[in-house]
Amino acid sequence: MSSEPSPDDPPVFEDEADLTYTIDVIAGLAGVDPPTVLHYQEQGWIRPARAAAEGDAPAWFDAESLRQLRRIEYLRSTCGVNEIGLKLILSLLLEVEQLREECRQLRR
């Protein structure tokens, strides 16, 4: 059996250790422009790892933010999901993650 993913499988985005990125860098890595990152941040769909300090870049984003941004862009560009659909899907994914964490806690 081959362990390679099928072309029909959604992409898996691995975490990039403890790296943080400026808005320009995270936008480039995800293939979007910085205003799109800001828009998603305003919607609450991605969160900066740390807020901007005076004279610093607007915010710094971590691997989780990058993974979430890539997930949003995949849903939007490849699957054709609009913002209303994104809001619903992201809410449901968050709920699934919370339920999984509760299950892990109960198993201990």
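Going by the structure above, here's the rest.
An account of the accompanying structure is given in this report. Sequence order as written defines the numbering, with residues in each chain counted from 1. With the structure being a predicted model, the display of local features is reserved for residues of pLDDT at least 70 and the display and counting of side-chain atom pairs for 80 or more, all residues being used for whole-chain, interface and lining totals. Working from all heavy atoms in the structure, the side-chain values ignore hydrogens and water.

**A few points about the environment of glycine 31**
- A run of H or I in DSSP counts as a helix once it spans at least four residues, and a run of E counts as a strand once it spans at least two, with each numbered from the N terminus. Positionally, glycine 31 belongs in the loop between helix 1 (23–30) and helix 2 (34–43).
- Taking the relative accessible area as the measure of exposure, glycine 31 reaches 64% and is therefore exposed.
- Put simply, glycine 31 and glutamate 73 are 42 residues apart on the chain and 8.3 Å apart in space, counted from C-alpha to C-alpha. Relative accessibility under 20% of the residue-type maximum defines a buried residue, over 50% an exposed one, and the middle range a partly exposed one, all with a 1.4 Å probe and only protein chains included.

**Description of helix 1**
- Along helix 1, the residues that are buried comprise Ile23, Ile26, Ala27 and Ala30. Mapping the buried residues of helix 1 onto a view down its axis gives an arc of 100 degrees, with all of them on the same face. Exposed residues lying more than 90 degrees from the buried face of helix 1 are Asp24 and Gly28.
- Directly beyond the C-terminal end of helix 1, a positive phi value near 75 degrees is found at glycine 31. Directions pointing from the helix axis toward each C-beta atom define the arc.

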